[in-house]
Amino acid sequence: MEARLSKWSFINVSEAGRSVMIRNVTNSISVHHMSSFKIQDSTISKINSVQQQFWGNKKNNKGKHFIAWRDVNKSKEEGGLGFRDLEVFNRALLAKFSWKLCTDDTSIYVRSLRAKYFPNGLVFNTSEHPKFTWSWRSISSELQFVNKYSLRSVGDGKKILIWKYRWIEGLDSPPIPKASATHYQDFTFVVQLYDTNKGGWNISLLSTSFDPATLTLILKISIHHNLEDRLVWSLERNGCFSVK
């Protein structure tokens, strides 16, 4: 990046022109690497320093900067210039890959990672290992962030693990059986909680397995037998994770 910027005679480029170059060129150079690797703080600081030097129209990075770079990185609506906070952007791209890891069943690359790192299908329960690659450790570092703000949408109930997945809206974690429940371990998937005759929830079974508050939340969930279960991003109306 520094070599590329050094070729531009930025002394004669207006401030607006330098801003456009940073937003559309320098902010995008490292996107490919940031999508698969967590960039070290020292590297991000160096990139920020080069961009700040270029935007400030200085041949070196000395002298006073009357506006903090973190303020320049804010969106235009917040009074900044819309430059990317590279540390946050790096995390967002890794989280996007983590999301794909949880939702994409067609990608050969995703399927190969699943087979290698969590063959049991429990992506949010993966453990660390010193032999894991830096790429995998970078991607998996955002899995808990994805887990925190995602929710399993109930369809046919065949893929949702009752006691391991977060699938009840209103709970911040997977449900736990009530203290008096005795045979809850016999039920693994949500589909086992359905009433096969009426097509709805098996209320008598739910009453013996969950406390009244959790039972009320479950009964609010609509069952869609013709749809597959899916993971939805709770911070977006369309349920999809995106990096803007």
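All of these numbers come straight from a predicted model, not from anything done at the bench.

## Topic: the overall build of the protein chain
Check the secondary structure of the protein chain and you find 11 helices and 2 strands. In sequence order, the protein chain lays out its α and β elements as α-α-α-α-α-α-α-α-α-β-α-α-β. A compact globule built from 244 residues should have a C-alpha radius of gyration of about 18 Å, whereas the protein chain, at 24 Å, is more than 25% larger. Among the 244 residues that make up the protein chain, the fraction classed as buried is 37%. The long-range share in the protein chain, meaning contacts at least 24 apart out of those at least 6 apart in sequence, stands at 60%. Here the protein chain displays about 15,000 Å² of accessible surface, and carbon together with sulfur accounts for 53% of that area. Each charge sign in the protein chain was given a centre, from 34 positive and 21 negative side chains, and these centres are 8 Å apart.

## Considerations on the packing of helix H2 (residues 15-29) against helix H4 (residues 41-55)
One can describe the packing of H2 onto H4 by two numbers: an axis separation of 9 Å at closest approach and a directional angle of 160°. Relative to H4, H2 is oriented roughly antiparallel. Here the hand of the crossing between H2 and H4 comes out right-handed. Contacts from Glu15, Arg18, Ser19, Met21, Ile22, Thr26 and Asn27 of H2 reach H4 at Gln51, Phe54 and Trp55. Residue classes in the contact of H2 with H4 are distributed as 4 nonpolar, 4 polar and 2 charged.

## A closer look at the pattern of salt bridges
Taken as a whole, this structure holds 3 salt bridges when the rule is applied. A salt bridge links Arg91 to Glu142, with the shortest nitrogen-to-oxygen separation between them at 2.9 Å. Here Arg91, found in helix H6 (residues 86-103), pairs with Glu142, found in the loop between helix H8 (134-140) and helix H9 (143-148); they are 51 residues apart in sequence, far enough to count as distant. Taking relative accessible area as the criterion, Glu142 reaches 5% and is therefore assigned buried. One salt bridge connects Asp105 with Arg114, and the closest N-O pair in it is separated by 2.8 Å. Residue classification places Asp105 among the partly exposed residues on the basis of a relative accessible area of 45%.

## Some words on H6
The terminal C-alpha atoms of H6, which comprises 18 residues, lie 25 Å apart, in line with the 26 Å expected from a rise of 1.5 Å per residue. The backbone nitrogen of Glu87 lies 3.2 Å from a side-chain oxygen of the residue at the head of H6, namely Asp85.

## Let's talk about helix H11 (residues 212-219)
Every buried residue of H11 is listed here: Thr214, Leu215 and Ile218. All buried residues of H11 project into a common sector of 100° when viewed along the axis, lining one side. Across from the buried face of H11, at angles greater than 90 degrees, the exposed residues are Pro212 and Ala213. Here the buried face of H11 lies against helix H10 (203-209). Two to three positions downstream of the cap, the backbone nitrogen of Ala213 sits 3.1 Å from a side-chain oxygen, assigning the N-cap of H11 to Asp211.

## What to know about the packing of aromatic side chains
Applying the stated criterion across every chain yields a total of 14 aromatic pairs. Centre to centre, the rings of Phe145 and Tyr149 are 5.4 Å apart; their planes meet at 65°, and the pair counts as edge-to-face. In textbook terms, an aromatic cluster arises when at least three aromatic residues are bridged by ring pairs, as seen for Trp99, Phe145, Tyr149, Trp233 and Phe241. The cationic tip of Arg84 hangs over the ring face of Phe89; the distance from NZ or CZ to the ring centre is 4.2 Å. Sitting above the plane of the Tyr165 ring, Arg152 keeps its charged end 4.0 Å from the centroid.

## Comments concerning the confidence of the model for the protein chain
Taken as a whole, the protein chain shows an average pLDDT of 86; of its residues, 91% reach a score of 70 or greater. Confidence scores differ between elements of the protein chain, with helix H1 (residues 2-6) showing the lowest mean pLDDT of 63 and H11 the highest of 96.

## Considerations on empty space enclosed by the protein
To locate leftover empty space, one rolls a probe as large as a water molecule over the atoms. The tally for this structure, following the rule as stated, stands at 1 cavity of 30 Å³ or more. Roughly 30 Å³ of internal volume is contained in the largest cavity. As for the largest cavity, its lining consists of Lys38, Ile39, Asp41, Ile44, Glu87, Asn90 and Arg91. Listed by contribution, the elements that provide at least two residues to the lining of the largest cavity are H4 and H6. With 3 residues, the top contributor of residues to the lining of the largest cavity is H6. For the lining of the largest cavity, a count of residues per class yields 2 nonpolar, 1 polar and 4 charged.

## Comments concerning the nonpolar core
Soluble globular proteins tend to bury their nonpolar side chains together. Grouped together as the largest cluster of nonpolar side chains are 20 residues, with contacts concentrated most on Leu101, Val123 and Phe124. Those elements giving two or more residues to this core turn out to be H6, helix H7 (108-117), H8, H9 and strand E2 (230-233). Of all the elements, H6 adds the most residues to this core, at 6 residues. Residues Tyr165, Val190, Tyr194 and Trp201 belong to the second largest nonpolar core, which totals 19 residues.

What counts and how
- Residues numbered from 1 in each chain as written.
- Predicted model: local features only at pLDDT ≥ 70, side-chain atom pairs only at ≥ 80, totals over all residues.
- Heavy atoms only, no water.
- Helix = DSSP H or I, 4+ residues; strand = E, 2+ residues; numbered from the N terminus.
- Rg over C-alpha atoms; globule rule 2.2 N^0.38 Å.
- Buried < 20%, exposed > 50% of the residue type's maximum accessible area, 1.4 Å probe, protein only.
- Contact = heavy atoms within 4.5 Å.
- Areas by Shrake-Rupley, 256 points an atom, 1.4 Å probe, with all protein chains shown as cover.
- Lys, Arg positive; Asp, Glu negative; His and termini not counted.
- Charge placed at Lys NZ, Arg CZ, Asp CG, Glu CD.
- Axes fitted to C-alpha atoms, helices over the stretch in contact; angles between N-to-C directions.
- Parallel < 35°, antiparallel > 145°, perpendicular 65-115°, else oblique.
- Left-handed = near helix turned anticlockwise from the far one by under 90°.
- Nonpolar A, V, L, I, M, F, W, Y, C, P; charged D, E, K, R; others polar.
- Salt bridge = Lys/Arg side-chain N within 4 Å of Asp/Glu carboxyl O.
- Expected span 1.5 Å × (residues − 1).
- Polar contact = N/O pair within 3.5 Å; in protein donor to acceptor, adjacent residues only side chain to side chain.
- Arc of directions from axis to C-beta.
- Phe/Tyr/Trp six-rings, centres within 6.5 Å; stacked < 30°, edge-to-face > 60°.
- Lys NZ or Arg CZ within 6 Å of the ring centre and 35° of its normal.
- pLDDT = per-residue confidence, 0-100.
- 1 Å grid on protein atoms, 1.4 Å probe; cavity = no way out; pocket = protein on both sides within 12 Å on 5 of 7 lines; lining within 4 Å.
- Points joined across faces, edges and corners; volume = space filled by probe spheres on them.
- Core = buried A, V, L, I, M, F, W, Y, C linked by side-chain atoms within 4.5 Å.

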